[in-house]
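So the chains spell out like this:
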Number of protein chains: 2
Amino acid sequence: MIKTHEIIIVDDHLLFARSLASLVDSYDEYTVKYTFQNGSELVAKLASGMALPAIILLDVKMPVMDGIATMKWLKKYKPEAKVIALSMEDEEKTILNMLRNGAKGYLLKDIQPSLLKKALDTVLEQGYFHTEKVTTTLMKSLDPESNSNKEIQLKENEIRFIKLACEEKTYKEIADEMFLSPKTIDGYRQHLFEILGVKNRIGLVLYAIKNGIVEI
Amino acid sequence: MIKTHEIIIVDDHLLFARSLASLVDSYDEYTVKYTFQNGSELVAKLASGMALPAIILLDVKMPVMDGIATMKWLKKYKPEAKVIALSMEDEEKTILNMLRNGAKGYLLKDIQPSLLKKALDTVLEQGYFHTEKVTTTLMKSLDPESNSNKEIQLKENEIRFIKLACEEKTYKEIADEMFLSPKTIDGYRQHLFEILGVKNRIGLVLYAIKNGIVEI
DNA sequence: TTAAAAAACAGGAAAAACCCCTTTTTAAAA
DNA sequence: TTTTAAAAAGGGGTTTTTCCTGTTTTTTAA
């Protein structure tokens, strides 16, 4: 009797999710148990007692509850979960963020399908799987020369401010909307310029977009 | 004997392409003949005499030769091709562009997989298939009231200016870089604010990003 | 060639953004 | 309870952006 490993897929693009399920199901050793459209659905199920599958294939970019948020939850409540992150982008920061939160592997969606199979097998056998690309990124991040290694932690209000700053509003209007003094807003602005290394509001907007703080 | 219709999939994300193939192959009536990673590969094959498949599933956003470029080629050399566009984004402009170039259907990748089956069936039977979303977009674009129908044509210099405005530069610096008077730059600014319907430079930057004038 | 349109340029002024430095309030730690 | 640190608010200033109303120059087309 062949033992099949259960897989859960989390991806907001249903067509992709189901297609991927179809592919995974075509492997004898694996069977897709569920597909979810976002992290919340997965978390809800796990929280209500569902057993962990052998592997979770987790999309990074999702609305509602994205890959990173989901990883953080899993790290806290289900640290033994084996997660392979799936992503369109190869942004260094995102990759590191997922790995730092316990992802066992990171696959770009443009890989050869055979690599998925290999990734699944390897994660089960060895506990992790990383492509050349990810390994390189990892190495680079460990390089002390590379200064870009410290994660910037933004406060709740700062994020609220940034989001509003990415609209066509004046600081005065933002202050009103946040029920704060314009001077406080000015303080946020100044502080953010400093820690993010930007020169003006344009830089702030670009930072916000590049780092997924705002959707456009 | 069941007759199966041949499908070709074009998508740079191999994992998605193969997964989708797996899903399509699971339908009795359809079989995937090829998967290509970009428009060029498809075009090359067609140009060298390959017969058209029943339906082409064509990703919109691809490197090398994207969906729109591919549609333009097909419109010219293989106008009888039945193409269903696949896309992540529901940007009105892109949808219209694909349809204008002869796509028979436009599916967002977050649809229910069952809808794909329906789309394939319908395109074969009726020649086209459109979801509610696309129909609405179409209607809106035909509505003469909707002013958003006239494509905004930007001048060379305006585009140069916009690109620089998306960096952390002052208008003075931009003027220097373009060898123009700051007053001319101010004229560009004012004119662009008007025709693009934005209130300030932030709006301009957002417009530029949304419309692919700048890469971020 | 000439009239019209578009592009470049300007003066002046208000509004907004940006900057530095201080004080008050709040929250947490010793 | 006192000390400390951070968040919020303020004072007062410079620079940049934005806006309005023009003129001059260049380009386009009749």
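Anything mentioned here points back to the structure above.
Residues numbered from 1 in each chain as written. Chains lettered and ligands numbered in written order. Predicted model: local features only at pLDDT ≥ 70, side-chain atom pairs only at ≥ 80, totals over all residues. Heavy atoms only, no water.

S.K.: Any chance you could explain the relation of the copies chain A and chain B here in plain terms?
M.R.: One copy of the chain maps onto the second through a rotation around an axis plus a translation along that axis. With an axial shift of 0.1 Å and an RMSD of 2.9 Å, the rotation relating chain A to chain B amounts to 179 degrees. In short, the pair behaves as if placed about a two-fold rotation axis. Of all interface residues in chain A, 100% are interface residues in chain B too; the two copies therefore contact each other through one and the same surface. (Least-squares fit on C-alpha atoms with pLDDT ≥ 70 in both. Contact = heavy atoms within 4.5 Å.)

S.K.: Mind showing me how you'd approach the protein's contact with DNA strand C here?
M.R.: Near DNA strand C you find 17 residues, and of these Y171 and R201 of chain A together with K183, T184 and Y188 of chain B are the closest. For DNA strand C, the fraction of protein-proximal atoms (within 4 Å) that sit in sugar or phosphate groups is 62%. Here a phosphate oxygen of DNA strand C sits 2.9 Å away from a polar atom, N or O, in the side chain of R201 of chain A. Here Y188 of chain B contributes a side-chain N or O atom positioned 2.3 Å from a phosphate oxygen of DNA strand C. For the surface near DNA strand C, the secondary structure elements donating two or more residues are helix 9 (182-196) of chain A together with helix 9 (182-196) of chain B. Considering each element in turn, the surface near DNA strand C owes the most residues, five residues, to helix 9 of chain A. Each residue belonging to the surface near DNA strand C can be placed in one class, and the counts come to four nonpolar, six polar and seven charged. (Near = heavy atom within 4 Å. Polar contact = N/O pair within 3.5 Å; in protein donor to acceptor, adjacent residues only side chain to side chain. Helix = DSSP H or I, 4+ residues; strand = E, 2+ residues; numbered from the N terminus. Nonpolar A, V, L, I, M, F, W, Y, C, P; charged D, E, K, R; others polar.)

S.K.: I'm lost on the packing of aromatic side chains in this one. Help?
M.R.: The geometry of an aromatic ring pair is captured by the separation of the ring centres together with the interplanar angle, meaning the angle of the planes. Following the criterion strictly, the structure yields nine aromatic pairs over all chains and no others. Over the aromatic face of F16 of chain A sits the side chain of K109 of chain A, whose NZ or CZ is 4.4 Å from the ring centroid. K117 of chain B extends its terminal NZ or CZ atom over the ring of Y27 of chain B, reaching a point 5.7 Å from the ring centre. (Phe/Tyr/Trp six-rings, centres within 6.5 Å; stacked < 30°, edge-to-face > 60°. Lys NZ or Arg CZ within 6 Å of the ring centre and 35° of its normal.)

S.K.: Looking at this structure, I do not really get the sheet that holds strand 1 (residues 5-10) of chain A. What am I missing?
M.R.: Sheet strands line up and pair through hydrogen bonds in the backbone, either parallel or antiparallel. Residue and element names in this part refer to chain A. The strand order across the open sheet built from five strands is 2-1-3-4-5, with neighbouring strands paired in parallel fashion. For this open sheet the edge positions go to strand 2 (30-36) and strand 5 (105-108), each flanked by a neighbour on one side alone. When the angles between neighbouring strand axes are averaged without regard to direction, this sheet yields 25 degrees. Here strand 1 runs beside strand 2; their pairing, made up of six bridges, is parallel. Across the sheet, the residue bridging to I8 is Y34, located in strand 2. Sheet strands touched by helix 2 (residues 39-47): strand 1, strand 2 and strand 3 (55-59). Its angle to strand 2, the strand with the most contacts, is close to 110 degrees. (Pairing = 2+ DSSP bridges. Axes fitted to C-alpha atoms, helices over the stretch in contact; angles between N-to-C directions.)

S.K.: Which parts of the structure should I look at to understand the sheet that holds strand 5 (residues 105-108) of chain B?
M.R.: Residue and element names in this part refer to chain B. In spatial order, the strands read 2-1-3-4-5; together these five strands make up an open sheet with parallel pairing. Whereas interior strands pair on both sides, the edge strands pair on one side only; in this sheet they are strand 2 (30-36) and strand 5. Averaged over neighbouring strand pairs, the angle between their axes works out to 25 degrees when direction is ignored. Together, strand 1 (5-10), strand 2, strand 3 (55-59) and strand 4 (83-87) form the strand contacts of helix 1 (residues 14-25), whose direction differs from that of strand 2 by roughly 165 degrees.

S.K.: Could you clarify how one ought to interpret the protein's contact with DNA strand D in this entry?
M.R.: For DNA strand D, the set of nearby residues contains 17 residues, the closest of which are K183, T184 and Y188 of chain A together with Y171 and R201 of chain B. Of all DNA strand D atoms lying within 4 Å of any protein atom, the proportion belonging to sugar or phosphate reaches 60%. In the environment of DNA strand D, a phosphate oxygen lies 3.4 Å from a nitrogen or oxygen atom belonging to the side chain of N157 of chain A. Y171 of chain B is positioned such that a nitrogen or oxygen atom in its side chain is 2.4 Å from a phosphate oxygen of DNA strand D. Only helix 9 of chain A together with helix 9 of chain B provide two or more residues apiece to the surface near DNA strand D. For the surface near DNA strand D, the element with the most residues is helix 9 of chain B, which contributes four residues. Per-class residue counts for the surface near DNA strand D are four nonpolar, six polar and seven charged.

S.K.: Explanation requested: helix 1 (residues 14-25) of chain A in the structure shown.
M.R.: Residues that lie three or four places apart on an α-helix share one face, since the helix turns once every 3.6 residues. Residue and element names in this part refer to chain A. Over its 12 residues, helix 1 extends 16 Å from the first C-alpha to the last, a length consistent with the 16 Å expected when each residue adds 1.5 Å. Most of helix 1 sits out of view: 10 of its 12 residues are buried. The complete set of buried residues in helix 1 reads L14, L15, F16, A17, S19, L20, A21, S22, L23 and V24. (Expected span 1.5 Å × (residues − 1). Buried < 20%, exposed > 50% of the residue type's maximum accessible area, 1.4 Å probe, protein only.)

What is shown is where atoms sit, not what they do.
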